[in-house]
Amino acid sequence: MLQNEELINKISYASKYIDSQLGCIPDICITLGSGLSSLADLVEFRKEIKYDRIPGFPKTTVEGHEGALITGRIKDVSVLMMKGRFHYYEGHSIEDVVFPIRVFAESGIKTIILTNAAGGVNRNYAPGELMAITDHIGMFCESPLRGLNLDKFGPRFPDQSSVYDWEEVVNNANKTDVKIHKGVYCYAKGPMYETPAEIRMLAALGADAVGMSTVPEAITASHCGMKVMGISTITNFAAGILDTPLSHKEVIEVGVKASESLKKLVLSIIESKGKNR
Ligand code: HPA
């Protein structure tokens, strides 16, 4: 783990590099989950900043997916999308998983939408449907705030009573006729899917969906004082609900199919951001 000063310098270098590539501070950052990268097609006047050009950025481990920030405009709102994110299960340290979030905060970004693919624990949440994350269960995740506190960004013991701005997600879904559920997202370390017994446990704990991302980023963004929205695409019934085994291929395929309604929803959120400026 880096000492604070080293980490703060590392964040600052990366942020300065990104600032040098952008003409303005993006109004909103969107992290794209598995199968959801076509959201990046919405960006106009687009520019790509490959992760490997950004000093200190972690290296992506997925071959052929080098990872890049996509910047530009959507409906006259300046956006920055993260195409490719860093998962703990890939072997990244938790510090690296959330490094980009700290960098975006340093660059002055105030709002972030985190999207993900998730398994539906709630039996009423079917594959292909969307869920606004209202809260999370993050105790199975190593804390991204562990170590000396970065006072510059936020307090040592941050309140977690309202990490997600879910009302804005639900309002925009209603406005655009996109079906939306509300629910609690539970973080699982992965990379293995859960067992049926684990899913029964998560259901008893109050989880509606389960996935392997988002919570570390949400904790960090909220620690930095950012407004956080989380949207899960339910790509499958969680383990044990159906008799069939889970497959990554299916997760990606359903994610891609559902991305039209996700796009509609995200566009509406972005548009409302433009109006409220
Ligand atoms: N479990 C964990 N992560 C996931 C799932 C799941 O069922 N589906 C998509 N991501």
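The notes below deal with the structure included here.

### Section: a nonpolar patch on the surface
And then number 1: Together, M139, F140, M201 and L205 line one region of the surface with nonpolar side chains, adding up to about 440 Å² of accessible area.
And then number 2: If you trace the backbone, F140 turns up in the loop between β6 (130-137) and α4 (166-175).

### Some details on helix α3 (residues 99-106)
Quick reminder: α-helices carry 3.6 residues per turn. Residues three or four places apart thus point the same way.
And then number 1: Most of α3 is tucked away, with 7 of its 8 residues classed as buried.
And then number 2: When α3 is considered as a whole, its buried residues turn out to be F99, P100, I101, R102, V103, F104 and A105.
And then number 3: G108 sits one or two residues past α3 and shows a positive phi near 95°.

### Some points on the packing of aromatic side chains
And then number 1: As enumerated under the stated definition, the model contains 4 aromatic pairs in all.
And then number 2: Consider the rings of F57 and F86, whose centres lie 6.0 Å apart with planes at 75°: the pair is edge-to-face. Within this pair, whereas F57 is found in the loop between β2 (44-50) and β3 (68-74), its partner F86 is found in the loop between β4 (77-83) and α2 (94-97), the two being separated by 29 residues in sequence.
And then number 3: F86 gets classed as buried once you look at its relative accessible area, which sits at 1%.
And then number 4: With 6.0 Å between their ring centres and 75° between their planes, F57 and F99 make a pair best called edge-to-face. Of this pair, F57 sits in the loop between β2 and β3 while F99 is found in helix α3, placing the two residues 42 residues apart along the sequence.
And then number 5: A relative accessible area of 3% places F57 in the buried class.

### Some thoughts on the side chain of N236
And then number 1: Summarising the element assignment, N236 is placed in strand β9 (residues 227-237).
And then number 2: You can call N236 buried: its relative accessible area is 7%.
And then number 3: A polar side-chain atom of N236 sits 2.8 Å from a polar atom in the side chain of T235.
And then number 4: Not counting chain neighbours up to four residues away, the residues in contact with N236 comprise A118, G119, G120, P127, L246 and V251.

### Digging into the site of the ligand
And then number 1: All residues adjacent to the ligand are A117, A118, G119, Y193, E194, V210, G211, M212, T235, N236, L246 and V251.
And then number 2: Take N236: an N or O atom from its side chain is 2.7 Å from a nitrogen atom of the ligand.
And then number 3: Taken by itself the ligand offers 260 Å² of open surface, and the protein chains cover 96% of this.
And then number 4: Looking at the shell around the ligand, the elements with two or more residues in it are β5 (111-120), β8 (209-211) and β9.
And then number 5: For the shell around the ligand, the element with the most residues is β5, which contributes 3 residues.
And then number 6: Broken down by class, the residue content of the shell around the ligand amounts to 7 nonpolar, 4 polar and 1 charged.

Procedures and definitions
Residues numbered from 1 in each chain as written. Predicted model: local features only at pLDDT ≥ 70, side-chain atom pairs only at ≥ 80, totals over all residues. Heavy atoms only, no water. Patch = residues over 30% accessible without salt bridge, like charges linked within 9 Å, V, L, I, M, F, W, Y side chains within 5 Å. Areas by Shrake-Rupley, 256 points an atom, 1.4 Å probe, with all protein chains shown as cover. Salt bridge = Lys/Arg side-chain N within 4 Å of Asp/Glu carboxyl O. Helix = DSSP H or I, 4+ residues; strand = E, 2+ residues; numbered from the N terminus. Buried < 20%, exposed > 50% of the residue type's maximum accessible area, 1.4 Å probe, protein only. Phe/Tyr/Trp six-rings, centres within 6.5 Å; stacked < 30°, edge-to-face > 60°. Polar contact = N/O pair within 3.5 Å; in protein donor to acceptor, adjacent residues only side chain to side chain. Contact = heavy atoms within 4.5 Å. Near = heavy atom within 4 Å. Nonpolar A, V, L, I, M, F, W, Y, C, P; charged D, E, K, R; others polar.

Keep in mind these values describe shape, not function.
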